[in-house]
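# Working through the structure, step by step
Each chain, letter by letter, is given below.
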Amino acid sequence: MNELGQVLRAWRERLTPEAAGIPHNSPRRVAGLRRGELAMLAGISAEYVERLEQGRSLTPSPQVCTAIARVLQLSDDEQAHLMRLAGHAAGPDRIPQLIPASLHRLMEQLAVNPLAVYSAAWQLLHWNPLFAATFGDPSSSGDDGRNLMLSQFGPGPGRLRLTKAERDAFESSLVSDLRATTSRYPYDPSLAALVTKLRRLPRFLSLWARPTVGDLQSARKIVVHPQVGEIALESSVLTIQPADLRLVVFLPRPDTDARSKLDLAATIGLQQWV
């Protein structure tokens, strides 16, 4: 067992099932969470939790670290320690990936809407169940599939229906925002690698040649859900400082049936996009 495995086991064993929201009536040999309970609440497999604790898997992704930290109710300092042990170095030259506890509390209050948290490089770090039910489950995608820039400019059909004018405005705003990020983190290797990948994509390269700098603006979107149909949403982007994160909340458009369709999507649950 390495240090990562040791602290994960210690944090798991100190959290009672009651504190994690798991009711139980039968006697337990240990007071803390079982591996399977942590896995269920974090959306990962019990086998993966076992590998982490035994030191057989050393580099959990930032998304996995965030999910584990949320379930184990880690403090911001503990979450930062977990990120460092997992190889996600923090520092002024690296894009922050730590989601503070205060943001989790805010998201709990907004959970009636689909929402997601992105890094300054538009890497998806956290999403709520309604986001997954509405847009498709991000856990089935790799790191590249969970980057908004790569998914927006890459090949293949998108999950959103946008007019050409809406797409052009959204993509221009995305690229302007990323340019501002590169000026803040000029030495982040993951950001440099992302830009290298994006420069192979024609639509991105065309916009990257422009000198515009700015923040991503709110946008109107149509989501085509496989069972519910079209859902008219408006995204609001909140920049969280000093963590330099993006909280994106998708609100139902006024004077549409989007609210009832979101409720239906939540009832149906996760869907396989085709």
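Residues numbered from 1 in each chain as written. Predicted model: local features only at pLDDT ≥ 70, side-chain atom pairs only at ≥ 80, totals over all residues. Heavy atoms only, no water.

## Here's the deal with the pairing of strand S6 (residues 245-252)
Taking burial as the measure, the eight residues of S6 include six buried ones, the bulk of the element. Across four bridges, strand S1 (residues 115-118) lies against S6 in antiparallel orientation. Counted as the bridge partner of valine 117 is leucine 247 from S6. Between the antiparallel neighbours strand S5 (residues 229-240) and S6 lie four residues, among them aspartate 244 with a positive phi of about 55°. (Buried < 20%, exposed > 50% of the residue type's maximum accessible area, 1.4 Å probe, protein only. Helix = DSSP H or I, 4+ residues; strand = E, 2+ residues; numbered from the N terminus. Pairing = 2+ DSSP bridges.)

## Concerning the packing of aromatic side chains
Per the counting criterion, the structure on display carries six aromatic pairs. Considering the side-chain rings of phenylalanine 204 and tryptophan 208, the 5.2 Å spacing of their centres and the 25° angle between planes classify their relative orientation as stacked. Of the two residues, phenylalanine 204 and tryptophan 208 both sit in helix H11 (residues 202-208), four residues apart, roughly one turn of that helix. Residue phenylalanine 204 is classed as buried on the basis of its relative accessible area, which comes to 0%. Put simply, the rings of Phe131, Phe135 and Phe250 pair up and form one aromatic cluster. Positioned above the aromatic ring of tryptophan 208 is the side chain of arginine 179, whose terminal nitrogen or guanidinium carbon lies 4.3 Å from the ring centre. (Phe/Tyr/Trp six-rings, centres within 6.5 Å; stacked < 30°, edge-to-face > 60°. Lys NZ or Arg CZ within 6 Å of the ring centre and 35° of its normal.)

## A few points about unusual backbone geometry
The amide bond that connects glutamine 241 to the next residue, proline 242, takes the cis arrangement and shows omega of 5°. Looking at the element boundaries, proline 242 is found in the loop between S5 and S6. Although it is not a glycine, tryptophan 122 sits at a positive phi angle of roughly 60°. Positive phi outside glycine occurs at aspartate 244, with the angle close to 55°.

## Quick notes on the pattern of salt bridges
Close approach of charged atoms lets side chains of opposite charge pair. All chains considered together, the criterion is met by 17 salt bridges. A salt bridge links arginine 14 to glutamate 78; the nearest nitrogen and oxygen atoms lie 2.9 Å apart. With arginine 14 in helix H1 (residues 3-14) and glutamate 78 in helix H5 (residues 76-85), this pair connects stretches of sequence that are 64 residues apart. Between aspartate 244 and arginine 246 there is a salt bridge; the shortest N-O distance is 2.9 Å. Per residue, the accessibility class of aspartate 244 equals that of arginine 246, and both read buried. Here the salt bridges share partners, and the residues they tie into one network are Arg12, Arg35, Glu50 and Glu53. (Salt bridge = Lys/Arg side-chain N within 4 Å of Asp/Glu carboxyl O.)

## A short note on the packing of helix H4 (residues 62-72) against H5
Between H4 and H5, whose axes approach to 10 Å, the crossing angle comes to 150°. In terms of orientation, H4 and H5 fall into the roughly antiparallel class. Once H4 is placed against H5, the crossing between them reads as right-handed. Residues Pro62, Cys65, Thr66, Ile68 and Ala69 of H4 touch H5, and the partners they reach there are Gln79, Leu82 and Met83. A breakdown of the residues in the contact of H4 with H5 according to their chemical character gives six nonpolar, two polar and no charged. (Axes fitted to C-alpha atoms, helices over the stretch in contact; angles between N-to-C directions. Parallel < 35°, antiparallel > 145°, perpendicular 65-115°, else oblique. Left-handed = near helix turned anticlockwise from the far one by under 90°. Contact = heavy atoms within 4.5 Å. Nonpolar A, V, L, I, M, F, W, Y, C, P; charged D, E, K, R; others polar.)

## A closer look at the side chain of lysine 261
Positionally, lysine 261 belongs in helix H12 (residues 258-268). Beyond its immediate chain neighbours, meaning those up to four positions away, lysine 261 contacts Val228, Glu230 and Ile231.

## Structural notes on the nonpolar core
Judged by nonpolar contacts, the single largest core of 40 residues is most densely connected at Trp122, Met149, Leu178 and Phe204. Leaving out residues up to four positions away in the same chain, tryptophan 122 has contacts with Arg146, Asn147, Leu148, Met149, Leu174, Asp177, Leu216, Val237, Arg246 and Val248. Ranked by size, the runner-up nonpolar core spans 25 residues in total, among them Trp11, Ala39, Ala69 and Leu82. (Core = buried A, V, L, I, M, F, W, Y, C linked by side-chain atoms within 4.5 Å.)

## Points about the environment of proline 92
Structurally, proline 92 is set in the loop between H5 and helix H6 (101-109). Note on proline 92: relative accessible area 73%, which makes it exposed. Along the primary structure proline 92 and proline 129 are separated by 37 residues, whereas in three dimensions their C-alpha atoms are 32 Å apart.

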